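Coordinates in review
Residues per chain, in single letters:
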Amino acid sequence: MSDLEAAFDEPAFVPYLCVGDPSVERTREYVQALVRGGADVLELGLPFSEPIAEGPTIQGSVVRALEAGVTPEVYLDFVESLDVDVPVVCMTYYNLLYQYGDSDGPESFVARAAEVGISGFVIPDLPAEEAGPLRAACDEHGLDLVFIVAPTTAGERLERMVELSSGYLYVQARLGVTGAKADVSDQTAESLAKVSQYDIPKAVGFGVSSGDQARHIVEAGADGVIVGSALVDIVAEFGDADGDDVPDRLEAMARELSEGVTAGAEDMAKPEGQ
Amino acid sequence: MSLNDETRREDGDTTDEDRPGTFGRYGGQYVPEALMPAVQELEDAYERYVLGNEDGFVDEFRRRLRDFGGRPTPLQRADRLSDRFGTEVYLKREDLVHGGAHKLNNALGQVLLAKYMGKERVVAETGAGQHGTATAMAAAHLDVPCEVYMGTRDIQRQRPNVFRMRLNGSEVNPVSAGRGTLKEAINETMRDWATNVEDTHYVIGSVVGPHPFPEMVRTFQSVISEEAREQVQEQAGRLPDSVVACAGGGSNTMGAFHEFVGDESVDLFAVEAGGSSLAVDEDAGVAPNSASLSTGSDGVLHGARTKLLQDSDGNVVESHSVSSGLDYAGVGPELAHLVDTDRVTPVNVDDDAALEAFHLLSQEEGIIPALESAHAVAFADAHPEQLGELTVVNVSGRGDKDLESVIEETEKRELSNAPSMDVFSEVGR
Ligand SMILES: Cc1ncc(COP(=O)(O)O)c(C=O)c1O
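Residues numbered from 1 in each chain as written. Chains lettered and ligands numbered in written order. Predicted model: local features only at pLDDT ≥ 70, side-chain atom pairs only at ≥ 80, totals over all residues. Heavy atoms only, no water.

Thoughts on the overall build of chain A
Along chain A, the regular secondary structure elements total 12 helices and 9 strands. Relative to the globule expectation of 19 Å for 274 residues, the C-alpha radius of gyration of chain A, 17 Å, shows essentially globular dimensions. By principal-axis analysis of the C-alpha atoms, chain A measures approximately 60 × 50 × 30 Å. For chain A, the proportion of its 274 residues judged to be buried stands at 62%. Counting contacts in chain A only where the partners sit at least 6 residues apart, residues at least 24 apart contribute 72% of the total. Looking at chain A as shown, the accessible area adds up to about 10,100 Å², and 45% of this sits on carbon and sulfur atoms. Computed over 16 positive and 50 negative side-chain charges, the inter-centroid distance for chain A is 4 Å. (Helix = DSSP H or I, 4+ residues; strand = E, 2+ residues; numbered from the N terminus. Rg over C-alpha atoms; globule rule 2.2 N^0.38 Å. Buried < 20%, exposed > 50% of the residue type's maximum accessible area, 1.4 Å probe, protein only. Contact = heavy atoms within 4.5 Å. Areas by Shrake-Rupley, 256 points an atom, 1.4 Å probe, with all protein chains shown as cover. Lys, Arg positive; Asp, Glu negative; His and termini not counted. Charge placed at Lys NZ, Arg CZ, Asp CG, Glu CD.)

Right, here's the structure in full:
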């Protein structure tokens, strides 16, 4: 079992932050705060200039990180120097992997990612159809490749995607782009039902922003909850003041979400009707 | 298999070249998962309706191109340019298509296809506003609600087109990210599409994006070379020695080239925007040009692997051209492939030369071209020796939309052939 799969032994809380927003050193503090608050896996964004799957919140974060000078090299060094004991997933777009190193293709990036301790990838613009070379490189270096199942994914494509995916499945809670939402979409339960037969952890993301939502999602059968925009919102709103309390705020938010996940798991464990 | 393909294999890159939608090493479908079913649904619809003429789609498309679009457009011998260049010059007059540019060929095809597919809404991005205008016109004509995304900088440069879209009943959504040009508008349209994919068709504006778009848009635009090839043989009794067209995304280029690709004796020149310089300023993340075929490198942008302007890390840089329709960091994958296999020659001209050519065509032939098309004329003017004895220059659009920009840019420069602006100062502005 991979580190990632093991992290979903108990329902997991998976926060996302973009490395370098507003600076690499602040990201280090933020990440530590998230781990104190109960993060089980970290999805760390490597900023790309064309984040087409992101809504305004994460788009803004990516722009700030690029302005702060985060390149793939800076990112990889950061992960290497990170002192946390939860697995790290690299979330980025395909062109950055493709361009890394001397020859075209994702292999050099994956090799270096393995060296710095990255456990897997989420690449939102790489559907199963184009993932052959990256899947092969991940297999060679023992990394997981996580695919995103959308509400529109079905039939043969879904089967093929589950087959290609490792670590966990990223279940997109609703159509559209990333961004915090006040309610849990009805599509979530449907999407989870669609993948329930497959033997791989399922983590739900896109729009989750409260402990209550996290709890409901786990009750609906998820093995984990992914939260990005709601955390990035905190960084965006409070992140540039000197001596700010962003780490405290992130830790508190992480605790709420992580407790929501745990509460959802406990509800599931209770016998029917209690 | 070409030499390039073998090099690629050694690079450890194993994309299946026989898959539909790849052109050598280029093309593909690099889009978020939420869009894949829509892309595949489109692929299926393209094959049935466009390639298979199911339900008479092609017949209706051709009829509407004629009655609504004003096709065929003339192939006009340009007498004074011919004298000037010492070569027979024929102009393919896409500026005379309804709306003022070749863009309508594609927009009409796609909005009609959206209707055949039962989509309730279309979205589009636009740079020069020309594709947005064409889509808005086609949408009004076919009674389909339409929203257009456009960079804020382009909105400033292309006010008349923005108003035309509004006149035809389309919403125009400003996009302020980045430099506020075409690249950002495409990102934003993809986001809209991913959110509303179940009832919305994305009318992409050029031969770019995930398969089937590059091939489909080229098919809709091929009417340009289909007509030109017939017309030139009728009028001149022979095939041309060269065809010249400007390349932004490359849709008028592929449209003007497609039927000539098999004619080995015809040289094909894709004229890119050289902007103010061919260098890339890596620190600023800006290329002062849009010459991705001439200076770009392989990468993945907006759903396809192609040639693009990027820094050494793989972040896409902001492009520049005096003409907003050419101001794009990528280019169509098929065109990239035709360049790699030496079938198409990429060349470029800078902003100044394009402006001079804008004035040149206006004065010599009484045709005010789009600034995009002026790039093609500028190349012909600078290198008549490469055109052979008979050339076809594609005038992709008319320049009305550009007049505000041209006044501003002309006042900034010393152009040898610009008209005097005295008449304004005499009466006061
Ligand atoms: C008149 C005209 N010509 C050319 C172009 C460039 O696009 P493409 O290279 O896709 O034909 C545009 C784009 O807006 C245009 O408006």
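Concerning the overall build of chain B
When helices and strands are tallied, chain B shows 18 helices and 14 strands. Taken against the 2.2 N^0.38 rule, which gives 22 Å for 429 residues, the C-alpha radius of gyration of chain B at 20 Å falls within 12% of a compact globule. Taken along the three principal axes of its C-alpha coordinates, chain B extends 60 × 50 × 50 Å. Here chain B, with 429 residues, has 63% of them falling under the buried criterion. Contacts spanning at least 24 positions in sequence make up 72% of the contacts within chain B whose residues lie at least 6 apart. A distance of 4 Å separates the average location of the 38 positive side-chain charges in chain B from that of its 75 negative side-chain charges.

A short note on the UniProt feature "modified residue: N6-(pyridoxal phosphate)lysine" (unreviewed entry) in chain B
Summarizing the sequence annotation, UniProt attributes the feature "modified residue: N6-(pyridoxal phosphate)lysine" (unreviewed entry) to B:Lys103 in the numbering used throughout. Non-local contacts of B:Lys103, meaning those with residues more than four positions away in its chain, are made with B:Gln130, B:His131, B:Ala134, B:Gly205, B:Gln221 and B:Ser251. (UniProt positions renumbered as here; feature names shortened; annotations may be inferred.)

Examining the packing of aromatic side chains
Per the counting criterion, the structure on display carries 17 aromatic pairs over all chains. Seen in terms of ring centroids, A:Tyr100 and A:Phe109 are 5.1 Å apart; in terms of plane orientation they differ by 80°. Their pairing is edge-to-face. Each member of the pair A:Tyr100 and A:Phe109 is classed as buried. Between B:Tyr49 and B:Phe57, the ring centres sit 6.4 Å apart and the planes meet at 45°, which makes this aromatic pair tilted. This pair shows no difference in class: B:Tyr49 is buried, exactly as B:Phe57 is. One aromatic cluster is present, built from ring pairs that chain together B:Tyr49, B:Phe57, B:Phe61, B:Tyr116 and B:Phe220. (Phe/Tyr/Trp six-rings, centres within 6.5 Å; stacked < 30°, edge-to-face > 60°.)

Describing the pattern of salt bridges
For the coordinates displayed, the defined rule picks out 54 salt bridges over all chains. Here B:Glu88 ties to B:Arg77 by a salt bridge, and the two come within 2.8 Å at their closest N and O atoms. You can see B:Glu88 sitting in strand β4 (residues 88-93) and its partner B:Arg77 sitting in strand β3 (residues 75-77), a full 11 residues away along the chain. Classification of B:Arg77 by relative accessible area gives partly exposed; the value is 31%. Among the charged side chains, a network of salt bridges with common partners joins A:Glu73, A:Asp77, A:Glu80, A:Arg112 and A:Glu115. (Salt bridge = Lys/Arg side-chain N within 4 Å of Asp/Glu carboxyl O.)

With respect to the interface of chain A and chain B
Listed as interface residues are 37 residues of chain A and, on the opposing side, 38 residues of chain B. Buried area between chain A and chain B, both sides added, is near 3,100 Å², and the carbon and sulfur share of it is 50%. Considering only the surface of chain A that becomes buried against chain B, A:Glu50, A:Ile52 and A:Glu130 emerge as the three largest contributors, covering 21% of it. Between the two partners, chain A and chain B, sit 3 salt bridges. A salt bridge links B:Lys183 to A:Glu50, with the shortest nitrogen-to-oxygen separation between them at 2.8 Å. Scanning the region where chain A abuts chain B turns up 19 residue pairs in polar contact (both at pLDDT 80 or more). Going through the elements one at a time, α3 (56-67), α5 (94-99), β6 (148-149) and α8 (155-164) of chain A are the ones with two or more residues in the side of chain A that touches chain B. If one sorts the elements of the side of chain A that touches chain B by residue count, α5(A) sits on top with 5 residues. (Buried area = accessible area lost by both parts, 1.4 Å probe. Polar contact = N/O pair within 3.5 Å; in protein donor to acceptor, adjacent residues only side chain to side chain.)

A word on the environment of A:Thr153
Of note, A:Thr153 is situated in the loop between β6 and α8. For A:Thr153, a relative accessible area of 0% gives the class buried. Along the chain, A:Thr153 and A:Ala136 lie 17 residues apart, while their C-alpha atoms are 23 Å from each other. Once residues lying within four places of it in the same chain are set aside, the contact partners of A:Thr153 are A:Leu158, A:Met161, A:Lys194, B:Glu33 and B:Pro37. There is a polar contact of 2.6 Å between the side chain of A:Thr153 and the side chain of B:Glu33.

With respect to the UniProt feature "active site" (unreviewed entry) in chain A
As recorded in UniProt, the sites labelled "active site" (unreviewed entry) are A:Glu43 and A:Glu54. Lining residues of the second largest cavity drawn from the annotated set just named are A:Glu54. Counting through the fold element by element, A:Glu43 comes out in strand β2 (residues 42-45). Residues in contact with A:Glu43, not counting those within four places in the same chain, are A:Val14, A:Pro15, A:Tyr16, A:Leu17, A:Val89, A:Met91, A:Val122, A:Tyr168, A:Tyr170 and A:Ile226. Secondary-structure assignment places A:Glu54 in the loop between β2 and α3. Those residues within four positions of A:Glu54 in sequence are excluded, and the remaining contacts are A:Gln59, A:Met91, A:Tyr93, A:Pro124, A:Val177, A:Thr178 and B:Arg191. (1 Å grid on protein atoms, 1.4 Å probe; cavity = no way out; pocket = protein on both sides within 12 Å on 5 of 7 lines; lining within 4 Å.)

With respect to helix α10 (residues 211-219) of chain A
Residues and elements named next belong to chain A. Those residues of α10 that fall on the buried side of the exposure criterion are Gly 211, Gln 213, Ala 214, Ile 217 and Val 218. With its buried residues spanning 160° around the axis, α10 presents them on a single face. Each element contacted by the buried residues of α10 is listed here: α9 (187-195), β8 (202-205), β9 (224-227) and α12 (246-269). (Arc of directions from axis to C-beta.)

Description of unusual backbone geometry
Following B:Arg71, the chain continues into B:Pro72 via a peptide bond in cis, with omega recorded as -5°. Inspection of the secondary structure puts B:Pro72 in the loop between α3 (57-67) and β3. Here the amide bond leading from B:His211 into B:Pro212 is cis, since omega sits at 15°, within 30 degrees of zero. Mapped onto the elements, B:Pro212 comes out in the loop between β8 (200-202) and α10 (213-221). Positive phi is not limited to glycine here, since A:Phe206 has a value of about 90°. Turning to its location among the elements, A:Phe206 is positioned in the loop between β8 and α10.

Focus on the UniProt feature "domain: Tryptophan synthase beta chain-like PALP" (unreviewed entry) in chain B
In this structure's numbering, the residues bearing the UniProt feature "domain: Tryptophan synthase beta chain-like PALP" (unreviewed entry) are residues 69-395 of chain B. Secondary structure content for residues 69-395 of chain B is 40% helix and 20% strand, and the end C-alpha separation is 16 Å.

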